[in-house]
Amino acid sequence: METLVKERQDLFLALYRMVLGLLFACHGAASLFGVLGGPQGGAPPAFAEWPGWYAAVIELVAGGLVLLGVATRAAAVICSGTMAYAYFVVHQPQALFPIENGGEKAALFCWGFLLIAVLGPGRWALSTLRTRQEESLAR
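Calculation notes
- Every chain begins its residue count from 1, and numbering advances along the sequence as written.
- Two thresholds apply to this predicted model, a pLDDT of at least 70 for residue-level local features and 80 or more for giving and counting side-chain atom pairs, whereas whole-chain, interface and lining totals are computed over all residues.
- To obtain the side-chain values, all non-hydrogen atoms of the structure were used and water was disregarded.
- Each salt bridge in this description consists of a side-chain nitrogen of Lys or Arg and a carboxyl oxygen of Asp or Glu lying within 4 Å of one another.
- Secondary structure elements follow DSSP: runs of H or I no shorter than four residues count as helices, runs of E no shorter than two count as strands, and numbering proceeds from the N terminus.
- When a residue's accessible area, from a 1.4 Å probe over protein chains only, is under 20% of the maximum for its type it is buried; when over 50% it is exposed; and in between it is partly exposed.
- Residues grouped as a nonpolar core are buried Ala, Val, Leu, Ile, Met, Phe, Trp, Tyr and Cys residues, joined through side-chain atoms within 4.5 Å.
- When checking whether two residues touch, look at their non-hydrogen atoms; a contact exists if any pair is within 4.5 Å.
- Within 6.5 Å between ring centres, the rings of Phe, Tyr and Trp (the latter by its six-membered ring) count as paired, and their orientation is classed by plane angle as stacked under 30 degrees, edge-to-face over 60, tilted in between.
- Patch membership requires more than 30% relative accessible area and the absence of a salt bridge. Residues of like charge join within 9 Å; the nonpolar side chains Val, Leu, Ile, Met, Phe, Trp and Tyr join within 5 Å.
- Each accessible area is a Shrake-Rupley result for a 1.4 Å probe, and residues are judged covered by the shown protein chains and nothing else.

**What about the pattern of salt bridges?**
Note that side chains of opposite charge can pair when their charged atoms are close.
Turning to step 1, where the next piece is worked out: Counting across every chain of the model gives one salt bridge.
Turning to step 2, where the next piece is worked out: Close ionic contact of R123 with D10 constitutes a salt bridge, the shortest N to O distance being 3.5 Å. You can see R123 sitting in the loop between α6 (104–119) and α7 (126–138) and its partner D10 sitting in helix α2 (residues 9–33), a full 113 residues away along the chain.
Turning to step 3, where the next piece is worked out: Look at R123 and you get partly exposed, because its relative accessible area is 45%.

See the structure below:
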């Protein structure tokens, strides 16, 4: 089993990155456009309303970049920071632990994107594929 995991590590990283980016982008789309069962908790945020509208735009755009593997590390840092802000400003003042304050999703997204920022996009990312294509053309 360990050999299989090591052989497929790039694939597992890509799947993790894509799923996390897709979920985050869907959350942003739900908040902005009221699709996919959203927005949760009321009407979509008004244009340029702080922080709701900005957070939703970050979720949609940066989540999409992580999904595709374009500017992945920078987008993942922004996503992680957005969720850290959401946790500490919205959830943590209500109670100490995420299970008590409803901040589980924010905490999981924060740490998930931080992991992607550290590990990078992997081989199965558009930016990596583009780099490989440019290298083969240069030869």
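Moving on, there is more to tell.
**A closer look at the nonpolar core**
Turning to step 1, where the next piece is worked out: Counting 16 residues, the largest nonpolar core has F24, V66, A76, M83, F109, F113 and I116 as its most contacted members.
Turning to step 2, where the next piece is worked out: Elements supplying a minimum of two residues to this core: α2, α3 (52–68), α4 (72–91) and α6.
Turning to step 3, where the next piece is worked out: If sequence neighbours within four positions are ignored, V66 has contacts with R17, G21, T72, A75, A76, F113 and I116.

**Here's the deal with unusual backbone geometry**
Turning to step 1, where the next piece is worked out: The residue A71 is not glycine, and still its phi comes out positive at about 50°.
Turning to step 2, where the next piece is worked out: Among the secondary structure elements, A71 is positioned in the loop between α3 and α4.
Turning to step 3, where the next piece is worked out: Taking the relative accessible area as the measure of exposure, A71 reaches 45% and is therefore partly exposed.

**Some details on the packing of aromatic side chains**
Turning to step 1, where the next piece is worked out: Taken as a whole, this structure holds five aromatic pairs when the rule is applied.
Turning to step 2, where the next piece is worked out: Measuring from ring centre to ring centre gives 5.2 Å for W53 and Y54, while their planes differ by 85°; the resulting arrangement is edge-to-face.
Turning to step 3, where the next piece is worked out: A network of ring pairs unites the aromatic residues F24, F109 and F113 as a single cluster.

**Things to note about a nonpolar patch on the surface**
Turning to step 1, where the next piece is worked out: Taken together, the side chains of M1, L4, V5, L11, F12, L15 and W124 make up a nonpolar region of the molecular surface, amounting to roughly 710 Å² of accessible area.
Turning to step 2, where the next piece is worked out: Counting only elements with at least two residues in the nonpolar patch, the list comes to α1 (2–7) and α2.
Turning to step 3, where the next piece is worked out: No other element matches α2, which puts three residues into the nonpolar patch.
Turning to step 4, where the next piece is worked out: In this fold, L15 is placed in helix α2.

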